[in-house]
Amino acid sequence: MTIHQFAPSRRAFLAGAGLVIGVALAPRVFAATSSLNGVPADAQGQQYPFQAFVRIAPDDTVTVLAKHIEMGQGPYTGLATIVAEELDADWSQMRAAAAPADDDVYKNLAFGIQGTGGSTSIANSYEQLRKAGATARAMLVAAAAEEWGVPAAEITVSAGRISHAASGKTSGFGALAAKAATMTPPAEPVLKDPRDFVLIGKDRPKLDTVAKSTGKAIFTLDIHADDMLIATVAHPDRFGATVASVDDTAAKAVPGVVDVKVVPQGVAVYADNTFAALKGRAALKIDWDLSKAEQRSSEKIAEDYRSLFAKDGFKAADKGDVEAAFKGDGVTRIEADMLFPFLAHAPMEPLDAVLVRREDGSIDSYNGAQFPGQDKQAISEVLGVDQSQIRINMQLAGGSFGRRAQFGSPYMREAAEVFKASGMARPVKHMWTREDDIRGGFYRPLYVHRIRGAIDKAGEIVAWDHVIAGQSIMKKLELDESSVEGASDMPYAIPNLRVFGYNTEVGVPALWWRSVGHTHTGFAVETFLDELLQKAGKDAVEGRIALLKDQNRHLGVLKKVAEMADWGGPVPEGRQRGVAVHKSFNTYVAEIAEVSVDELGAPKVHKVWCAVDCGVALNPNVIKAQLEGGVGYGLGAILFDQVELGEGGKIIQSNFHDYRSLRINEMPHVEVAIIPSTEAPTGVGEPGVPPIGPAVANAWRQLTGAPVRRLPLVNIAVS
Amino acid sequence: MVTFTLNGEERRFDGDPETPLLWVIRDFEKLTGTKYGCGVAQCGACTVHLDGMTRRSCVTPISMVEGSEVVTIEGIQGAEAEAVQKAWVAIDVPQCGYCQSGQIMSAVALLQTTPKPTDADIDGAMAGNICRCATYQRIRQAIHDAADTMEG
Ligand code: FES
Ligand code: FES
């Protein structure tokens, strides 16, 4: 068999098409590698550091060290844009690379530790990276002034050139980088007037597109180390079950299988190649101890949740006098129970990590996760190695949608346990299969809502009474804002409003899922409001406008989307439209969906109009892509998805055949408009998701007369 | 022993004949552009060209590949491949990027048989390729754009 031979040393890593990932991570010196990891392959020689975020090489390339992981939402491009703007660089010289894991230097200013999530990457970095760019610019100018013997004030910088008009002197960044890096940074760098922006606000190609269109982009699963083992873990089919006994005879007989070990999470199979690891895992015979397992079905869990409503919950909002309003004379009341299922994130690349122990006992981890500091801590605790001896080498992630953001980093704990049990003599790639992913928990929790609404004689919505039960994602013992956000702070002028939350205990690990609480509160509020408006004889858009009073940014997107769709105008035969508007992560989005009933009686979504207000639009093309993607991701979930616990708590779904993803033939055409704004930029990764479910459900109610009380929609269609 | 060509070069594999082509390509040949996404022919991340046709390499045992020509994302060439990749870059199709090798392999094969695909042709050829980032609208657009540039 002819295969590539690699350098025998463990230090040689081959990733993808022959890219060598160096591992000696001396501070501020990076081994040459792909433009997406470390420092650009085409950047020559020394990289001069300009504080924490900017590196300039003699060949003029400017590398922005991204403290946020790139998992598809475009932060590498966005962060580089912000720096390039203040630096007055040319876009062609910009590169981005993952910053090292450091909870201090690279902390998310919104979280206090290094982390990516909550659509905060641009929002929390905007000022910080503008200053980083302006600082580097000032240092370059100071170096030029000294070098040329001219006043700094006379020097200009534009599109990557530093010039002094009077003397005719001019230079690129690279030639001055070494000197500039030694200049004293200004205490308060001067920032541009946003009116002078030349890059921000304009479309420009993403930095990672070429690598991702040629198969050259490297993800964790693509990392290879010499002598590496592949490990897969057999997990139980009920949450909380543990290994009682295992017969590994057949597994160990599989050629290529090297070892089998019991770990806290299940049974690990180690092999020389992936197929052997999978085949070995399939040959294991395991008895599971179910004594601590969650054995309730999803139905039973939902029933238990509903029984909580008899008791008092945690107050999230209590305005006016709801009880009195419901007793009002001639009041019309409607009531709804809604059920939201467990949802898996199902990022395209399942979870994975490569762990390597160096000769000096230090540990390298190659992985792509949203909280690198948490990964480091998890490895440290499991392996008993000091954090200073652990390096996290951040990789691109093949999607996440929240899955790779875990406090305590349980998936890294598993990877580290697997590595530890192996004896750590050989590098180990720990990989999850799609089945592990769908059945692995850390779901968007199951939620039950009960809502009562009242309309008075004049047709005004006078009361809204809303209770929500589900797991506290933040593991709180009091109100968890993330269970009620989007409902308790609804923007509508309803005089009597009450929202209560109930925390529940279930043996299924819970996690945030693209747009967190808004995944269900947005749906509940926007579908129930739509019903109330219809009951009151009001138009869905006009009725909302009246209730939004002075909520100008909500109004802005709602009016815009109505105009785009020509709301009230003709709709093709057999179709209906639904609207929803929702704010999440300080970004405002309104969507209108045009829907018909397909041959099988299921919803077919033809077209979606979407208006977004996310403050300053850094890169309109990236924003539009995120909204398109958010619509598609949210739509797939509300149409098809649930992870269900069946009898005895057995997890039912396992792969993309029964945990369906939206496919291209089901993707509506999405038209996005961005509201011009000078407000500080806010995120766009998540806010496109919440409105699509209710917009489709509202259209569905128009089509069929049936309100949607339970997701996914496909269940209703077939029943 | 299985003999086949990979991106134009002869290759031999003497491991377990049940090994899916995907893992031969990734683990043994160290070509990582072809991705794993499901292992059960549901997602298309592992799409390669086998004797000129798209193939889900995750469910193709290497024993079936004897004497065949396998082309991966690293080895695609020709007018269709060029037009597709250009169109992909021009409108920034990828988000996380993980599915995109498979998408491109399917799109190139489509254009090779159907130079001017309709939306329905695109649905037919691309519905086996999941993109969890839902970049579908741009995939559709890029395929139309690629077809246009090839015509022009
Ligand atoms: S990995 Fe082959 S189709 Fe999903
Ligand atoms: S780009 Fe992320 S799965 Fe397609």
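These numbers were taken from a predicted model, which means no experiment stands behind them.

Asker: When you look at the overall build of chain A in this model, what are you seeing that I'm missing?
Answerer: Across its full length, chain A carries 18 helices and 28 strands. Taking 27 Å as the expected radius of gyration for a compact globule of 719 residues, we find that chain A reaches 27 Å, a close match to that expectation. Dimensions of chain A, computed from C-alpha atoms along their principal axes, come out at roughly 85 × 75 × 45 Å. Expressed as a percentage of its 719 residues, the buried residues of chain A come to 62%. A sequence separation of at least 24 residues applies to 75% of the contacts in chain A between residues at least 6 apart. Split by element, the accessible area of chain A, about 25400 Å² in all, is 51% carbon and sulfur.

Asker: Can you walk me through the packing of helix α14 (residues 540-548) of chain A against helix α15 (residues 552-565) of chain A in this structure?
Answerer: Residue and element names in this part refer to chain A. Following both chains from N to C, one finds α14 and α15 inclined at 165°, their axes separated by 10 Å at the closest point. When the axis of α14 is compared with that of α15, the two are roughly antiparallel. The two elements α14 and α15 cross, and the hand of that crossing is left-handed. Between α14 and α15, the contacting residues are Val541, Arg544, Ile545 and Leu548 on the first element and His554, Leu555, Leu558, Lys559 and Ala562 on the second.

Asker: How should I be thinking about the packing of aromatic side chains in this particular structure?
Answerer: Given two aromatic rings, their pairing is described by the distance between the two centres and the angle made by the two planes. Residue and element names in this part refer to chain A. Overall, the coordinates contain 15 aromatic pairs over all chains when judged by the stated rule. Each ring, one from Trp513 and one from Tyr633, has its centre 4.8 Å from the other, and the planes form 35°; the classification is tilted. Of this pair, Trp513 sits in the loop between β24 (496-504) and α13 (518-535) while Tyr633 sits in helix α16 (residues 620-640), placing them 120 residues apart in sequence. For Trp513, a relative accessible area of 3% puts it in the buried group. The class for Tyr633 is buried, based on a relative accessible area of 2%. Taken together, the aromatic side chains of Phe111, Phe371, Phe407 and Trp512 make up a single cluster linked through ring pairs. A cation sits over an aromatic face here: Arg452 above Phe326, 4.0 Å from the ring centre. The residue whose ring lies beneath Arg660 is Phe640, and the NZ or CZ to ring-centre distance is 4.0 Å.

Asker: What is the right way to read the domain arrangement of chain A from this model?
Answerer: Interface size is commonly expressed as the accessible area that is lost once the parts come together. Residue and element names in this part refer to chain A. Each assigned domain of chain A is listed here: domain 1 (3-214), domain 2 (220-291 + 351-431) and domain 3 (298-342 + 443-718). Using only C-alpha atoms to locate each centre, domain 1 and domain 3 end up separated by 40 Å. With 19 residues of domain 1 at the contact, the number on the domain 3 side is 17 residues. Of the roughly 1300 Å² buried between domain 1 and domain 3 on both sides combined, carbon and sulfur atoms contribute 59%. Sorting the residues of domain 1 by area buried against domain 3 places Gln73, Ser119 and Asp203 first, and these three jointly supply 38% of that buried surface. Linking domain 1 to domain 3 there are zero salt bridges. Put simply, the parts of the chain that give the side of domain 1 that touches domain 3 at least two residues each are α1 (75-87) and α2 (121-148). Each residue belonging to the side of domain 1 that touches domain 3 can be placed in one class, and the counts come to six nonpolar, nine polar and four charged.

Asker: Could you clarify how one ought to interpret the sheet that holds strand β22 (residues 447-455) of chain A in this entry?
Answerer: Paired through backbone hydrogen bonds, the strands of a sheet run either parallel or antiparallel to each other. All names here are of chain A. In space, the five strands of this open sheet follow the order β16-β24-β23-β22-β17, with mixed pairing throughout. Across the chains shown, the open sheet's two edge strands, defined by having one partner strand only, are β16 (314-319) and β17 (332-340). The sheet shows a mean angle of 10° between the axes of neighbouring strands, direction not considered. With nine bridges connecting them, β17 and β22 associate as antiparallel partners. Bridge pairing links Phe340 to Tyr447 in β22. On top of the sheet, α13 reaches β17, β22 and β23 (461-471); it is set at about 155° to β17, its chief contact.

Asker: Explain helix α17 (residues 692-704) of chain A here, please?
Answerer: Spacing of three or four residues puts side chains on the same side of an α-helix, whose turn is 3.6 residues. Residues and elements named next belong to chain A. A rise of 1.5 Å per residue sets the reference length of α17, with its 13 residues, at 18 Å; its end C-alpha atoms lie 18 Å apart and thus fit the reference within 8%. Burial of α17 is extensive: ten of the 13 residues sit out of reach of the surface. Burial in α17 covers these residues: Ile692, Gly693, Pro694, Ala695, Val696, Ala697, Asn698, Ala699, Trp700 and Arg701.

Asker: Teacher, can you tell me more about the pattern of salt bridges here?
Answerer: Side-chain pairs of opposite charge can arise whenever the charged atoms involved come near each other. Residues and elements named next belong to chain A. If you walk through the whole model with that rule in mind, you get 56 salt bridges over all chains. Taking the shortest distance from any N to any O, the salt bridge between Lys560 and Glu563 comes out at 3.6 Å. Of the two residues, Lys560 and Glu563 are both situated in helix α15; the distance of three residues between them amounts to about one turn of the helix. Overall, the relative accessible area of 27% leaves Lys560 in the partly exposed class.

Asker: What am I meant to see in empty space enclosed by the protein here?
Answerer: In this approach the atoms are scanned with a rolling probe the size of a water molecule, which exposes any empty space left behind. Residues and elements named next belong to chain A. In total, this model carries five cavities of 30 Å³ or more according to the counting rule given. Considering only enclosed or pocket space, the second largest cavity measures out at about 140 Å³ in volume. If you trace the second largest cavity, you find 17 residues lining it, with Arg444, Trp513, Thr519, Ala637 and Ile638 closest to the centre. Secondary structure elements with two or more residues in the lining of the second largest cavity: α13, α16 and α17.

Asker: Help me understand the sheet that holds strand β21 (residues 428-431) of chain A, please; the structure alone is not making it clear to me.
Answerer: All names here are of chain A. Read from one edge to the other, the open sheet built from seven strands follows the order β13-β14-β11-β21-β18-β19-β20, with strand pairing classed as mixed. The sheet terminates laterally at β13 (257-263) and β20 (390-394), the two strands that pair on one side only. Taken over all neighbouring pairs, the strand axes of this sheet differ in orientation by 20° on average, direction set aside. In this sheet, β21 lies alongside strand β11 (residues 229-234) in parallel orientation, the contact comprising three bridges. By the bridge assignment for β21, Ala231 is matched with His430. Where helix α6 (residues 274-282) meets the sheet, it contacts β11, β13, β14 (266-271) and β21, and its direction lies at approximately 25° from that of β11.

Asker: Quick question: what am I supposed to make of the interface of chain B and chain A here?
Answerer: Facing 54 residues of chain B, the contacting portion of chain A comprises 68 residues. Carbon and sulfur atoms supply 56% of the area that chain B and chain A bury against each other, a total of about 5200 Å² over both sides. Three residues stand out in chain B for area buried against chain A, namely Gln95, Arg132 and Gln137 of chain B, and they jointly supply 17% of the buried area on that side. The residue Glu18 of chain B makes a salt bridge to Lys279 of chain A at a minimum N-O spacing of 3.5 Å. For the pair chain B and chain A, the interface holds 28 residue pairs in polar contact (both at pLDDT 80 or more). Among the elements that make up the side of chain B that touches chain A, the one with the highest residue count is helix α5 (residues 136-151) of chain B (five residues). In terms of residue class, the side of chain B that touches chain A is built from 25 nonpolar, 13 polar and 16 charged.

Asker: Sorry, what's going on with the environment of Ile392 of chain A here?
Answerer: Residues and elements named next belong to chain A. Looking at the secondary structure, you find Ile392 in strand β20. Sequence spacing of Ile392 and Leu207 is 185 residues, and the spatial spacing of their C-alpha atoms is 22 Å. Contact partners of Ile392, with chain neighbours within four places excluded, come to Ala101, Ser365, Asn367, Pro372, Asp375, Lys376 and Ile379.

Asker: It is not clear to me how the side chain of Asn108 of chain A should be interpreted in this structure. Could you clarify?
Answerer: Residue and element names in this part refer to chain A. Position of Asn108 relative to the elements: it lies in the loop between β6 (94-98) and α2. Of note is the side chain of Asn108, whose polar atom sits 3.4 Å from the side chain of Asn124. The contact partners of Asn108, leaving out residues within four places of it in the chain, are Lys67, His68, Ile113, Gln114, Gly115, Thr120 and Asn124.

Asker: Quick question: what am I supposed to make of the layout of surface pockets here?
Answerer: All names here are of chain A. Here the largest pocket defines a volume of roughly 1000 Å³. Residue lining of the largest pocket: 49 residues in total, with Gly117, Gly118, Ser119, Thr120 and Glu686 positioned closest to the centre. Put simply, the parts of the chain that give the lining of the largest pocket at least two residues each are α1, α2, α12 (481-484), β25 (576-584) and α16. Considering only enclosed or pocket space, the second largest pocket measures out at about 740 Å³ in volume. Contributing to the lining of the second largest pocket are 28 residues, with His235, Pro236, Gln265, Arg439 and Gly440 lying nearest its centre. For the lining of the second largest pocket, the element with the highest residue contribution is helix α10 (residues 410-421), accounting for four residues.

Reading the values: rules and limits
- Residues numbered from 1 in each chain as written.
- Chains lettered and ligands numbered in written order.
- Predicted model: local features only at pLDDT ≥ 70, side-chain atom pairs only at ≥ 80, totals over all residues.
- Heavy atoms only, no water.
- Helix = DSSP H or I, 4+ residues; strand = E, 2+ residues; numbered from the N terminus.
- Rg over C-alpha atoms; globule rule 2.2 N^0.38 Å.
- Buried < 20%, exposed > 50% of the residue type's maximum accessible area, 1.4 Å probe, protein only.
- Contact = heavy atoms within 4.5 Å.
- Areas by Shrake-Rupley, 256 points an atom, 1.4 Å probe, with all protein chains shown as cover.
- Axes fitted to C-alpha atoms, helices over the stretch in contact; angles between N-to-C directions.
- Parallel < 35°, antiparallel > 145°, perpendicular 65-115°, else oblique.
- Left-handed = near helix turned anticlockwise from the far one by under 90°.
- Phe/Tyr/Trp six-rings, centres within 6.5 Å; stacked < 30°, edge-to-face > 60°.
- Lys NZ or Arg CZ within 6 Å of the ring centre and 35° of its normal.
- Domains from an automatic or database assignment.
- Buried area = accessible area lost by both parts, 1.4 Å probe.
- Salt bridge = Lys/Arg side-chain N within 4 Å of Asp/Glu carboxyl O.
- Nonpolar A, V, L, I, M, F, W, Y, C, P; charged D, E, K, R; others polar.
- Pairing = 2+ DSSP bridges.
- Expected span 1.5 Å × (residues − 1).
- 1 Å grid on protein atoms, 1.4 Å probe; cavity = no way out; pocket = protein on both sides within 12 Å on 5 of 7 lines; lining within 4 Å.
- Points joined across faces, edges and corners; volume = space filled by probe spheres on them.
- Polar contact = N/O pair within 3.5 Å; in protein donor to acceptor, adjacent residues only side chain to side chain.

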